[in-house]
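# Commentary on secondary and tertiary structure
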Amino acid sequence: EYDSKAFRNFKARADERGGGITVPAVGDTFTLGEASVTVVAVNSVPEDTNNTSIVIRIVYGDTSFLFTGDAEQETEEKILETGQDIESTVLKVGHHGSSTSTSQAFLDAVSPTYAVISCGKDNSYGHPHKSTLKLLDEFGVETYRTDENGTVVISTEGSGVTIKTGQTSMKRDE
């Protein structure tokens, strides 16, 4: 449950279509084509909206992706406590690269080659945080940011990755 207009609308549409919302459990797995998807975390800290993010790991061939949503260090700690394999080629950095995400211990376990930080240009939160960027740099992670690179698309055929970025501009009538 979450009290926002967006969530209420999403839930209403899901109910209209007859499926409703199903909350997965940690460890649930399913296939997506030839890829394997594992639920790594969900509702880790129920009283904190960011830490209710679903964290998933997708493995396709020799390449893996870890999507962390808005998860922060509390969720990262809970994931590490489970002992799950979270090593991944690509890390979608949690909570827009804030100082409350991407702990050193978590980065050690994920050991990514690439990272993506999704954040708006000149956002009022100051995302991504300098400490997060510094840590990623110290780990030698090749980092892409949507505020600097525009859309970031990373794909794989199961071995290696292809990275495409692009600044897009939208003309608006005023």
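Here, the structure is the one placed above.
Fair warning: this is a prediction, and the values are worked out from it, not measured in the lab. (Residues numbered from 1 in each chain as written. Predicted model: local features only at pLDDT ≥ 70, side-chain atom pairs only at ≥ 80, totals over all residues. Heavy atoms only, no water.)

Those residues of helix H4 (residues 130-138) that sit buried are Thr132, Leu135 and Leu136. Seen along its axis, H4 keeps its buried residues to an arc of 100°; they face one direction. Along H4, the residues that are exposed and aim more than 90 degrees away from the buried face are Lys130, Lys134, Asp137 and Glu138. Buried residues along H4 sit in contact with helix H3 (104-110), strand S6 (114-117) and strand S7 (142-145). Gly140, located one to two residues past H4, shows a positive phi value of around 75°. (Buried < 20%, exposed > 50% of the residue type's maximum accessible area, 1.4 Å probe, protein only. Helix = DSSP H or I, 4+ residues; strand = E, 2+ residues; numbered from the N terminus. Arc of directions from axis to C-beta. Contact = heavy atoms within 4.5 Å.)

Turning our eyes to something else, we now look at the packing of aromatic side chains. Enumeration over the complete set of coordinates arrives at one aromatic pair. Ring centres of Phe65 and Phe67 lie 6.2 Å apart, and the angle between their planes is 10°; on these two criteria the pair is classed as stacked. (Phe/Tyr/Trp six-rings, centres within 6.5 Å; stacked < 30°, edge-to-face > 60°.)

It is worth spelling out the nonpolar core at this point. Ranked by internal contacts, the top residues of the largest apolar core, which has 18 residues, are Val55, Leu66, Ile79, Ile86, Leu91, Phe106 and Leu136. At the level of elements, strand S2 (35-41), H3, S6 and H4 are the ones that each hand at least two residues to this core. If near-sequence neighbours (up to four positions away) are discounted, Leu66 is found in contact with Val40, Val55, Ile56, Arg57, Ile86, Ser88, Val90, Leu91, Lys92, Phe106 and Val110. If you look at the next biggest cluster of nonpolar residues, it comprises seven residues, including Phe65, Val90, Val116 and Ile154. (Core = buried A, V, L, I, M, F, W, Y, C linked by side-chain atoms within 4.5 Å.)

With respect to topology, seven strands assemble into an open sheet ordered S1-S2-S3-S4-S5-S6-S7, the strand pairing being mixed. Two strands in the sheet have a free side with no partner beyond their single neighbour: strand S1 (29-32) and S7. Neighbour-to-neighbour, the strand axes of the sheet open up by a mean angle of 20°, direction not taken into account. Here strand S4 (residues 63-67) pairs with strand S5 (residues 90-92) via three bridges, running parallel. Each bridged residue has a counterpart across the sheet, and for Leu66 the counterpart in S5 is Leu91. (Pairing = 2+ DSSP bridges. Axes fitted to C-alpha atoms, helices over the stretch in contact; angles between N-to-C directions.)

In this section: the environment of Thr146. Structurally, Thr146 can be placed in helix H5 (residues 146-149). In this structure the C-alpha to C-alpha distance between Thr146 and Thr165, which are 19 residues apart in sequence, comes to 8.6 Å. Excluding anything up to four places from it in sequence, Thr146 contacts Ile117, Ser118, Cys119 and Val152. At a separation of 2.7 Å, a polar atom in the side chain of Thr146 contacts the main-chain amide nitrogen of Cys119. (Polar contact = N/O pair within 3.5 Å; in protein donor to acceptor, adjacent residues only side chain to side chain.)

Quick look at unusual backbone geometry now. A positive phi angle, close to 65°, is found at Thr102, a residue other than glycine. If you trace the backbone, Thr102 turns up in the loop between S5 and H3. Residue Thr102 is classed as buried on the basis of its relative accessible area, which comes to 4%. At Ser111, a position not held by glycine, the phi torsion is positive, near 50°. Within the secondary structure, Ser111 is located in the loop between H3 and S6.

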